[in-house]
Amino acid sequence: MDNDLRINFMWHLIWDYRGELIQGLWTAVAVSITALFLSLFIGLVFALAKMSRFAFFRGLSTIYVNIFRGIPALVSVIWVYFGWSLLFGRNFTVYQAGVIALTLLYSAFFSEIFRSALQAIHKGQREAGMALGMTRIRIFRSIIMPQGLKIAIPNIGSMYIGMIKDTSTFAVIGLAEVVRVTQTINSQYFQPFVLYTAAALLYVAIAFLVDYIFKGFESTITYPSNGILYRFLTRKKRAHIQKLVDANS
Amino acid sequence: MDNDLRINFMWHLIWDYRGELIQGLWTAVAVSITALFLSLFIGLVFALAKMSRFAFFRGLSTIYVNIFRGIPALVSVIWVYFGWSLLFGRNFTVYQAGVIALTLLYSAFFSEIFRSALQAIHKGQREAGMALGMTRIRIFRSIIMPQGLKIAIPNIGSMYIGMIKDTSTFAVIGLAEVVRVTQTINSQYFQPFVLYTAAALLYVAIAFLVDYIFKGFESTITYPSNGILYRFLTRKKRAHIQKLVDANS
Amino acid sequence: SAREDTSKLNLVKPGHLVVGMTLQFPPQMYLNSAKKPAGYDYQLLRRLARDLRLKLEIKNMDFGGLIPGLVSKQFDLVSVGLGKNPDREKSILYVREYMPYSTILVTGKGNKTRPTVDAWNVAGKKITALQGSLAAGFVKTTFPKATLVEFPLQDSAFLEVVSGRADAIVAEANLYGFFNKNNPGLLKPVAMPNLRSYFGHWTVQLGNEPLKTRLANWLCEKQEAGIVKAVFRQQMGYKMPDLPACK
Amino acid sequence: MTGSNTIISLRQIKKSFASTEVLHGIDLDVHAGSHTVIFGPSGSGKSTVLRTMNLLEKPNSGSICFENREYGPGLDSAKLERGKPLELRRRVGMVFQQFNLFPHFSAIDNIAIPLATVTGISKSDARERGAIELKKVGLLPWAASYPSQLSGGQQQRVAIARALSIDPILMLFDEPTSALDPELVGEVLAVMRSLAESGMTMVVVTHEMNFAKEIGDQHIFMEAGNIVATGDANFFDNCENERARQFIGSVL
Amino acid sequence: MTGSNTIISLRQIKKSFASTEVLHGIDLDVHAGSHTVIFGPSGSGKSTVLRTMNLLEKPNSGSICFENREYGPGLDSAKLERGKPLELRRRVGMVFQQFNLFPHFSAIDNIAIPLATVTGISKSDARERGAIELKKVGLLPWAASYPSQLSGGQQQRVAIARALSIDPILMLFDEPTSALDPELVGEVLAVMRSLAESGMTMVVVTHEMNFAKEIGDQHIFMEAGNIVATGDANFFDNCENERARQFIGSVL
Ligand SMILES: Nc1ncnc2c1ncn2[C@@H]1O[C@H](COP(=O)(O)OP(=O)(O)OP(=O)(O)O)[C@@H](O)[C@H]1O
Ligand SMILES: Nc1ncnc2c1ncn2[C@@H]1O[C@H](COP(=O)(O)OP(=O)(O)OP(=O)(O)O)[C@@H](O)[C@H]1O
Ligand SMILES: [Mg+2]
Ligand SMILES: [Mg+2]
């Protein structure tokens, strides 16, 4: 095959469109962060339902998890954005639809993550709380949840990277995230390699960042912790304890 | 907006095109299963690298995992199918490219899954093997790996569902999996809801099936197991043990 | 006739003509009920391959894969009716026009906006189009005050109007016809003269002048012999507007 | 039914797990200021009896009387007002074999946080109380340490201080030293000994027979879900039950 | 350097973890058929000494002589051929505090699978040997049970049978009974006792002082990484080292 077939890599496009690309990344992050908080909450609810005494709640949770774990993001967002509108006449914005679709999918995953994390807490912890006369809700809030969260955090971090990646599917409803931005630029220049490379770089960069943030968060809530953030947040408490020790000894 | 907008749901399309849809599902499963085995293997290698004594291997593994965990499937497959050919003049088939792209992404995830599973094996297990004079390789094969696999299996199942879902992205290189099949049918009828619903149903069904199979697999390698499969596979061994017990007592 | 020498055409696979297309646009290009490629583009390509004595090989994939495939030498030719613009010409090589398109403005059944450009070119009107299509370009130039929303899938762009989020869509007339046939009564064309007509092109890899020349010559030959028009009429079901004259 | 100085009494307590009954009708009175020791083979139901006393296990039948309230399914003959488990638990302290300290709180917060939530006092007040309790068990200097930074003996002493912080009138101990290195057992027994001397009512499940002999004034020997022998402070010297004698022999 | 009847000897063994030295130069000879007992406070280095003997820990300096081979970094004075750790480990059996049975193998396979891989005999032959070893510790009827189906005492007996299956000439025990319920201790000690009577050379770290006194003919008291007192079978009765006497008092 001839070698005079030229490929013209217009790498400068990445720089030229940096504003749009960053904006796209920002959109992806915004949608996925909103969905992260919602799906953590809903996931926790379904995790608790799965551990409930009532078979009905357990069954509900199993069905929910298995359905939404299985649906591809593409299909989910098309249903939420178009299907809902056609069936019920209520229109979600692109942003809302993206958040809802992601939340449906990932709440199912988070439910499993929470369940296994909460189940990993030794039952002696709950019993110790009960023996001290703490209420069930208090035990959950002060004893079980903080310890479960620590176990769950690395998995939440991984899942969040998955959520950001899945926003790339939402190009189909016109969400202006990174892949859609690159596609739009691409349709003007037909420079797929340059632009998909840019997208990949942005995604990898954000994955590293998310990893770093979650690691930091994990080390902060590790006990005992030497994290700077931890020491800063607990400085008052530690001073108080020191005062009590001095006063009593 | 008008309220008398009626969408004409041609649900019969699902039945009419059942052959194509099932074929699409089959393609998705075939690609993802091949990729599953490859990425389990590669993931294991990188997990071992990450636990290596040599900082070089650990660093390599960290970089690999962080890069491929972050890249969206769409970008990955475009690079493999088109980018590789562009750079090295070697053409992968659609099937190969799908398998390679999935393998790159998921080997990164599996590496983390294996690492945490292997690290969860109490070090007393390794020491017991060493104290008996077993070689490192033997200890890994007979002691560490079987126990680690059991811990990893539920996560592998979840990830595999993710792999099947990600094949939907490979429509872009023309892989005739479920979503692409529905898009093709859709282009003739403009019946996106009917067809995306069909796709969702197929995906959910396969997710349930995968879950079921992995649960069964897990229960088979749980010890002691009462699984039928387990009892069938070990019937000779158990008979032998029984004979020895009878002979010696 | 003597066997033609195709060795100068830089073909991906000697003896073959590998074409990338998206068989999702009936009647222009689609998979027929026997799962075989069909439509205007396909019939043209078949004749081309026969005349060049090449074996025709169709690579059917999403639109998103076509340009990467061409650039990375997976296909000799992309046949999907690409519109031309100066930016794109820096990355691929256009052969020549072969597919006439006319774009129309389509709105919801109950929409009462007057059918004039001025009535639609106002702030707050939302108009959709297929991402990166020339239709999208026309919205920018014809209705600069309106908001353009692009979608990567054609049905998303239609459904945005059906769901009432957007006021109208600019789309190729035959795509609308097809949508309406399967979902009658949801949308109606605005009774405005065709917004714009344009031509779709065959494209080859940047630098492959020999192939471009050969294909352009073949198209001109067939165009002048009236064959292109005949195939179009037979496949598309209506008369073909005149293609630009060959030099 | 309960003597004037009886703090807690169990009547006909039966308990099943799944379909297996593991307690077959336990009757037991604990008098104020007394030190009851429960011993017996593994699986005989010692822990289950103890856990029933603060309702960590709900009996399938029988009744528990505590401070003029009745708990559990109850007996027909009982006439007392029914109580809520939380009321009972806030008056009964429990120390577990595995300490069950909260790993995410420092030693002092292991005491202060539950105390604050249970009594409603402020965290800061609760910490002051925590400091006092830690001092009693000799661990004030470790107030800011996390459980993972303490030895087993220290952890168990924190657990005892925590249980005492809610001002219980009855303390339950379930094999408090059997997860400890032999050398560390002493420091925990010392704390328990001084607690016993201070007049606290205690029920102790233990295999430390010397300690049991020393502090026990009511001895309960259990086997297979039944109390098969009981005795006073002299039980070890003149026990008539053969199984109990045999068991004591094997453990001592 | 090693007497004719010396099975293993440690010379000037030093071991550090990170930058902390935990063994400061241990010298120890174990004679054929002898029963050495190591005791001392927690953290004194007992386990580390034992683990060094089968090279689970690699000493930072010093030398281990076993069957005319030298292991470890070695001493300048030593003249023996160097051995490979696997050779030594295949002649030395070890029993751990936490049993460390393989949970995914049945009792008999816990013995047979390692045996088959180490000696190269067939699995089926190895199982025959396994059955014999299980019988010796009284567990033949449990051959097909998994560790999770056995009591602690039974698990530890399987662990002993497993260690014996490779025909060791030296057995190491690291607190073999301290993870057991007090009642189950007896059955494991009985197995160890009969092993001692059969003439097996043993090194035992234990807090069971009565047992130690009974079988021990060489007693080693360690503290803070050093051997501070050694003695013969009569050590417990006429021990001159004050710290050792004090320690024995606190544990007995
Ligand atoms: N949560 C539970 N589920 C099922 N069975 C249980 C449970 N808790 C205890 N059992 C069973 O009840 C019986 C009594 O157990 P319990 O723990 O009270 O015995 P124990 O005397 O405290 O023994 P140990 O000395 O081993 O602590 C045992 O057979 C045990 O297996
Ligand atoms: N893997 C390790 N890493 C770091 N330090 C260790 C390690 N193993 C042991 N140590 C330290 O070495 C010292 C001796 O430990 P070793 O386990 O030998 O003591 P021991 O006498 O067996 O104590 P115990 O009675 O608690 O088992 C201790 O200070 C211990 O903390
Ligand atoms: Mg118990
Ligand atoms: Mg030790």
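This text follows the structure it describes.
> Quick question: what am I supposed to make of the overall build of chain A here?
Secondary structure assignment for chain A yields 11 helices and zero strands. Taken from the N to the C terminus, the helices and strands of chain A come in the order α-α-α-α-α-α-α-α-α-α-α. Its C-alpha atoms give chain A a radius of gyration of 23 Å, more than 25% over the compact-globule value 18 Å for 249 residues. Taken along the three principal axes of its C-alpha coordinates, chain A extends 85 × 50 × 40 Å. A burial count over chain A gives 55% of its 249 residues as buried. Counted over contacts in chain A with a minimum sequence separation of 6, partners at least 24 positions apart contribute 76%. Put simply, chain A shows about 11,300 Å² of open surface, and 66% of that area lies on carbon and sulfur atoms. Between the averaged position of the 23 positive side-chain charges in chain A and that of its 11 negative side-chain charges there is a distance of 19 Å.

> How do you make sense of the overall build of chain D when you look at a structure like this?
Of the regular secondary structure elements, chain D holds eight helices and 11 strands. For 252 residues, the compact-globule formula gives about 18 Å, and the C-alpha radius of gyration of chain D, at 18 Å, lands near that figure. If you line up chain D on its principal axes, its C-alpha atoms span 50 × 45 × 35 Å. The 252 residues of chain D split such that 58% are buried. For chain D, the exposed surface amounts to about 9,800 Å²; the carbon and sulfur share of it is 46%. Charge centroids of chain D, computed over 24 positive and 28 negative side chains, lie 6 Å from each other.

> In this structure, what is going on with the interface of chain A and chain D? I would like to understand it.
Listed by partner, the interface residues are 27 residues for chain A and 37 residues for chain D. Counting each side, the surface lost to burial between chain A and chain D is near 2,800 Å², with a carbon and sulfur contribution of 68%. Of all residues in chain A, Ala131, Leu132 and Asn248 of chain A give up the largest surface area on contact with chain D, accounting jointly for 21% of the area buried on that side. Scanning the region where chain A abuts chain D turns up eight residue pairs in polar contact (both at pLDDT 80 or more). Where the side of chain A that touches chain D is concerned, the elements lending two or more residues are helix H6 (123–131), helix H7 (136–166) and helix H11 (235–248) of chain A. Top contributing element to the side of chain A that touches chain D by residue count: H6 of chain A, with seven residues. Tallied by class, residues from the side of chain A that touches chain D come to 13 nonpolar, 11 polar and three charged.

> Explanation requested: the arrangement of the chains in the structure shown.
With no contact between them, chain B and chain D keep their nearest C-alpha atoms 18 Å apart. Between chain C and chain E there is no contact, and the shortest C-alpha to C-alpha distance separating them is 49 Å.

> I keep staring at a nonpolar patch on the surface and nothing clicks. Help me out?
All names here are of chain A. Nonpolar side chains collect at one region of the surface, where Phe54, Phe56, Phe57 and Leu60 lie side by side and expose about 420 Å² of accessible area between them. Turning to its location among the elements, Leu60 is positioned in helix H3 (residues 55–70). Taking the relative accessible area as the measure of exposure, Leu60 reaches 42% and is therefore partly exposed.

> Got a minute to help me understand the sheet that holds strand S3 (residues 35–39) of chain D in this structure?
Where strands meet in a sheet, backbone hydrogen bonds hold them as pairs that are either parallel or antiparallel. Residues and elements named next belong to chain D. On the basis of which strands lie adjacent, the open sheet formed by six strands has the order S7-S8-S9-S3-S10-S11 and mixed pairing. Among the strands making up the open sheet, the edge pair consists of strand S7 (92–95) and strand S11 (226–231). Strand-to-strand, the axes of this sheet are offset by a mean angle of 15 degrees, without reference to chain direction. Summarising the sheet, S3 and strand S10 (residues 218–223) pair through four bridges and their orientation is parallel. Counterpart to Ile38 in the pairing with S10 is Ile220. Sheet contacts for helix H8 (residues 242–251): S3 and S10; angle to S10, the most-contacted strand, approximately 95 degrees.

> Can you help me understand the pairing of strand S9 (residues 201–205) of chain E in this one?
In regular strands, side chains alternate between the two faces of the sheet. Residues and elements named next belong to chain E. The buried fraction of S9 is high, at five of five residues. Going residue by residue along S9, you find Thr201, Val203 and Val205 tucked away on one face and Met202 and Val204 tucked away on the opposite face as well. Two strands pair when backbone bridges link them, and strand S3 (residues 35–39) and S9 are joined in this way by four bridges, in the parallel orientation. Its bridge partner lying in S9, Ile38 is registered against Val205. Traced from strand S8 (residues 170–174) through helix H6 (residues 182–197) to S9, the parallel crossover comes out right-handed.

Cut-offs applied
Within any chain, residue numbers begin from 1 and follow the written order of that chain's sequence. Each chain takes a letter, starting from A, and each ligand takes a number, starting from 1, following the order in which they are written. The model is predicted, so local features are restricted to residues of pLDDT at least 70 and side-chain atom pairs to those at 80 or more, both for listing and for counting; the totals for chains, interfaces and linings are taken over all residues. Each side-chain value is worked out from all heavy atoms of the structure, with water and hydrogens disregarded. Secondary structure is summarised from DSSP: a helix means a run of H or I of at least four residues, a strand means a run of E of at least two, and numbering begins at the N terminus for each. The globule rule used for comparison is 2.2 Å times the number of residues to the exponent 0.38, while the radius of gyration itself is calculated over C-alpha atoms. Partly exposed describes any residue whose relative accessible area lies between the buried limit of under 20% and the exposed limit of over 50%, with all areas from a 1.4 Å probe on protein chains only and scaled to the type maximum. Here a residue-residue contact requires only that any non-hydrogen atoms of the pair lie within 4.5 Å. Exposure was quantified through the Shrake-Rupley algorithm and a 1.4 Å probe, taking into account, for residues, occlusion by the shown protein chains and nothing else. Asp and Glu count as negative and Lys and Arg as positive, but His and the ends of the chain are not part of the count. Taken as the charge centre is NZ of Lys, CZ of Arg, CG of Asp or CD of Glu, depending on the residue. Once two parts are joined, some of their accessible surface, as seen by a 1.4 Å probe, is lost; buried area is that loss totalled over both. Whenever a nitrogen or oxygen atom comes within 3.5 Å of another N or O atom, the pair is scored as a polar contact, on the condition that within protein one atom can donate a hydrogen and the other can accept it, and that pairs from neighbouring residues in sequence are kept only if both atoms are in side chains. We call Asp, Glu, Lys and Arg charged. Ala, Val, Leu, Ile, Met, Phe, Trp, Tyr, Cys and Pro are nonpolar, and the rest, Gly among them, are polar. The patch calculation keeps residues exceeding 30% relative accessible area without a salt bridge and links them within 9 Å when they carry like charges or within 5 Å when they are nonpolar (Val, Leu, Ile, Met, Phe, Trp, Tyr). The salt bridge definition used is simple: a Lys or Arg side-chain nitrogen within 4 Å of an Asp or Glu carboxyl oxygen. We treat two strands as partners when DSSP finds at least two bridges between them. Where helices are involved, their axes are fitted lines through C-alpha atoms of the stretch in contact, as for all axes, and angles between N-to-C directions lie from 0 to 180°. Orient the strands so they point away from the viewer; a crossover is then right-handed if the path from the first strand over the helix to the second runs clockwise.

Treat this as a map of the structure, not an account of what it does.
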